Amino acid sequence: MALAGGTNLGSVATVSGNPQNILVGAFSGISYLEFARSLAPVALTCLLVQVAWLWLLYPEVRSGKSLPEVPQVRYRLFKPLLAKSLWVTAGL
């Protein structure tokens, strides 16, 4: 969640960060640096708010306790579906 939120919030700061910003920058004529100068503080403030929310909502992550071991997953292979998928992929 932190990575997804941080990526999304970081894209606010630049013209090339997301498609909406590209449209705003193209139609308004705002320069790249002017756009970044205006929205970088907004992105940084929102990132700090996100970090605070994650810190409050997920105390087990910041507790310092070791995480439980993840059990080993054994994958099963369904051969008819695999064969059909490979044929369709090769056909495409």
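Note that the structure is predicted; figures quoted are calculated from it, not measured.

Undergrad: Before we move on, could you go through the side chain of Ser11 and cite the residues and values that matter?
TA: Secondary-structure assignment places Ser11 in the loop between helix H1 (2-10) and helix H2 (19-28). A relative accessible area of 11% places Ser11 in the buried class. A polar side-chain atom of Ser11 sits 2.7 Å from the main-chain carbonyl oxygen of Asn8. Look past the residues within four positions of Ser11 in its chain and what remains in contact with it is Gly17, Asn18 and Asn21.

Undergrad: Lay out the environment of Lys65 in plain terms, naming residues and giving numbers.
TA: Locating Lys65 in the fold gives a position in the loop between helix H4 (59-62) and helix H5 (79-91). Owing to a relative accessible area of 68%, Lys65 belongs among the exposed residues under this scheme.

Undergrad: Describe the packing of H1 against helix H3 (residues 32-57), with residues and values.
TA: As a packed pair, H1 and H3 sit with axes 9 Å apart at the nearest point and diverge in direction by 165°. With respect to H3, the axis of H1 lies roughly antiparallel. Between H1 and H3 the crossing geometry is right-handed. Two secondary-structure elements touch here, H1 through Ala2, Gly5, Gly6 and Leu9 and H3 through Ala43, Cys46, Leu47, Gln50 and Leu54. Broken down by class, the residue content of the contact of H1 with H3 amounts to six nonpolar, three polar and no charged.

Undergrad: Can you tell me about a nonpolar patch on the surface, naming the residues and giving the values?
TA: Nonpolar side chains collect at one region of the surface, where Met1, Val49, Trp53, Trp55, Leu56, Leu57, Tyr58 and Val61 lie side by side and expose about 920 Å² of accessible area between them. In terms of residues, the nonpolar patch owes the most to one element, H3, which gives five residues. Among the secondary structure elements, Trp55 is positioned in helix H3.

Criteria and thresholds
Residues numbered from 1 in each chain as written. Predicted model: local features only at pLDDT ≥ 70, side-chain atom pairs only at ≥ 80, totals over all residues. Heavy atoms only, no water. Helix = DSSP H or I, 4+ residues; strand = E, 2+ residues; numbered from the N terminus. Buried < 20%, exposed > 50% of the residue type's maximum accessible area, 1.4 Å probe, protein only. Polar contact = N/O pair within 3.5 Å; in protein donor to acceptor, adjacent residues only side chain to side chain. Contact = heavy atoms within 4.5 Å. Axes fitted to C-alpha atoms, helices over the stretch in contact; angles between N-to-C directions. Parallel < 35°, antiparallel > 145°, perpendicular 65-115°, else oblique. Left-handed = near helix turned anticlockwise from the far one by under 90°. Nonpolar A, V, L, I, M, F, W, Y, C, P; charged D, E, K, R; others polar. Patch = residues over 30% accessible without salt bridge, like charges linked within 9 Å, V, L, I, M, F, W, Y side chains within 5 Å. Areas by Shrake-Rupley, 256 points an atom, 1.4 Å probe, with all protein chains shown as cover. Salt bridge = Lys/Arg side-chain N within 4 Å of Asp/Glu carboxyl O.

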